[in-house]
Amino acid sequence: MKLNLTKVVNGCRLGKIQNLGKTGDHTMDIPGCLLYTKTGSAPHLTHHTLHNIHGLPAMAQLMLSSLTEHQEVLAEYKKGVGNFIGMPEMLVYCSLHDPLRPCPAGYVTNKSASVWGGGGRVEMTVSKFMAIQQALQPDWFQCLSDGEASCEEGTSIKRARKSVDRSLLFLDNCLRLQEESEVLQRSTIIGVIEGGDVMEERLRSARETAKRPVGGFLLDGFRGNPTALDTRLQLLSSVTAVLPEDKPRLICGVSRPDEVLECIERGVDIFESFFPYLVTERGCALTFNFDYQPNPEETLLQQNGIQEEIKYEDQIKKIKTTSCNQKMTSFEINLKEKKYREDFSPLVRECSCYCCKNHTRAYIHHLLVTNELLAGVLLMTHNFEHYFGFFHSIREALKSDRLAQLKELILRQAS
């Protein structure tokens, strides 16, 4: 694996990760995102439907918490989880947890951590964790770590220090077992940066992890309350400043467009793509504009649409919440609302996705209010393609030194 940076501007990194995969013939653009999956399948989509989406990421994210119960089957299968789920053409990254399912605290010791799957809690010792990774044979995998000290909770110095010590101990043991396994030597360990909101411990975690032979770094615990955003961004800037330039930086729990841009400015390369799934689950469609070189006529149409949404939200005087306990954002429209019953325009004008080319807002509204499964399929198709297009726009903006214009455009739409 080789990271080739073509441009670095004010902390933003543009380039490609080359020689990826066990055969070394895959590449991945950065900044970029992973494909969010549920037990190896893109939510709501079949394999065929998924590959009709433009700009599909090179790497899929699978969660260890949803795969532990399949360890014996995968070990007997011997061809790796990528072949097992019918996605042999994609790279596979195995993370510990689903970003949308926060784990209960208090289940990490010096010898084990826990993941929470469909059957409940599964205790992970280092040996068990690496045995599962050997069965999965992912291209990248997140190392076992103590991720309970996050930026959100005001972690004590003692707890932050303990999280770093445990994570480094897990990493050393995992690297030792990887060295002993011929199968796992073809996989790349991603070291995890812990330390909560304690700057000293964050920096110690970054420096010590960088001394180990890891393939990249995962910045954990940076999801948090918006009121603590400045603290999180300051920590992020300090941590990325001490990481080596030649290895990729991933971040978990960050997926909103405005937060993505803030993190990119602080040197983060790869993000999760759970945000389009959240939007789909609440019956909404991503409609935010990321065209920083727009056609004037199209801009006027989009601005009029945005103003209509703002007026409507002012009238209802509330933001609806979903079963995921996530608030609706200004980057989306709620197609369950009655006003879309006779709206025969596409979800987003000029969008090239299957949904926008063939269906209207009124049709999606009808599918949602009648609880048709097709609603999730069409919305997921559009939301994924729109989100992946956003990352393409980020890379193009970096190439042309226009990221500031793109950020201004996104922040004007953020709530």
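Residues numbered from 1 in each chain as written. Predicted model: local features only at pLDDT ≥ 70, side-chain atom pairs only at ≥ 80, totals over all residues. Heavy atoms only, no water.

Structural notes on the packing of aromatic side chains
Then comes step 1: Taken as a whole and judged by the stated rule, the model has 14 aromatic pairs.
Then comes step 2: Summarising the aromatic geometry, the rings of F288 and F331 are spaced 5.4 Å apart at their centres and angled 75° between planes, so their arrangement reads as edge-to-face. Of the two residues, F288 sits in the loop between β15 (284-286) and α10 (296-316) while F331 sits in the loop between α10 and β16 (332-334), which places them 43 residues apart along the sequence.
Then comes step 3: These aromatic residues form a ring-pair network of at least three members: F271, F275, F288, F290, F331, Y387, F390 and F391. (Phe/Tyr/Trp six-rings, centres within 6.5 Å; stacked < 30°, edge-to-face > 60°. Helix = DSSP H or I, 4+ residues; strand = E, 2+ residues; numbered from the N terminus.)

Structural notes on the environment of T6
Then comes step 1: Within the secondary structure, T6 sits in strand β1 (residues 2-9).
Then comes step 2: Assessed through its relative accessible area of 58%, T6 is described here as exposed.
Then comes step 3: Counting along the chain gives 10 residues from T6 to K16, while the straight-line C-alpha distance between them is 7.9 Å.
Then comes step 4: Once residues lying within four places of it in the same chain are set aside, the contact partners of T6 are L14 and G15. (Buried < 20%, exposed > 50% of the residue type's maximum accessible area, 1.4 Å probe, protein only. Contact = heavy atoms within 4.5 Å.)

A few points about the confidence of the model for the protein
Then comes step 1: In the predicted model, the protein carries a mean pLDDT of 88, and 90% of its residues have values of at least 70.
Then comes step 2: Every residue in residues 306-325 is under pLDDT 50, and counting partners more than four places away or in other chains gives 20 contacts. (pLDDT = per-residue confidence, 0-100.)

Overview of the nonpolar core
Then comes step 1: In terms of nonpolar packing, the biggest core is built from 84 residues, with F271 and I394 touching the most fellow members.
Then comes step 2: In contact with F271, other than residues within four places in its own chain, are G32, C33, L34, I251, V254, V260, C263, I264 and F391. (Core = buried A, V, L, I, M, F, W, Y, C linked by side-chain atoms within 4.5 Å.)

Some remarks on the packing of helix α8 (residues 257-264) against helix α14 (residues 403-413)
Then comes step 1: Where α8 contacts α14, the two axes come as close as 9 Å, and the packing angle between them is 150°. Considered as vectors, α8 and α14 are oriented roughly antiparallel to each other. The handedness of the crossing between α8 and α14 is left-handed. On α14, the residues that touch P257, D258, L261 and E262 of α8 are L403, L406, K407, I410 and L411.
Then comes step 2: Residue composition of the contact of α8 with α14, by class: 6 nonpolar, no polar and 3 charged. (Axes fitted to C-alpha atoms, helices over the stretch in contact; angles between N-to-C directions. Parallel < 35°, antiparallel > 145°, perpendicular 65-115°, else oblique. Left-handed = near helix turned anticlockwise from the far one by under 90°. Nonpolar A, V, L, I, M, F, W, Y, C, P; charged D, E, K, R; others polar.)

Let's talk about the sheet that holds β1
Then comes step 1: Read from one edge of the open sheet, 3 strands run β1-β2-β3, paired in antiparallel fashion. The outermost strands of the open sheet, each flanked by one partner alone, are β1 and β3 (26-30). Neighbour to neighbour, the strand axes of the sheet diverge by 10° on average, direction disregarded.
Then comes step 2: Strand direction decides the pairing type here: β1 and strand β2 (residues 12-20), joined by 7 bridges, are antiparallel. Bridge assignment links V8 to a residue of β2, and that residue is R13.
Then comes step 3: The strands touched by helix α13 (residues 374-399) are β1, β2 and β3; relative to β2, the strand with the most contacts, the crossing angle is about 115°. (Pairing = 2+ DSSP bridges.)

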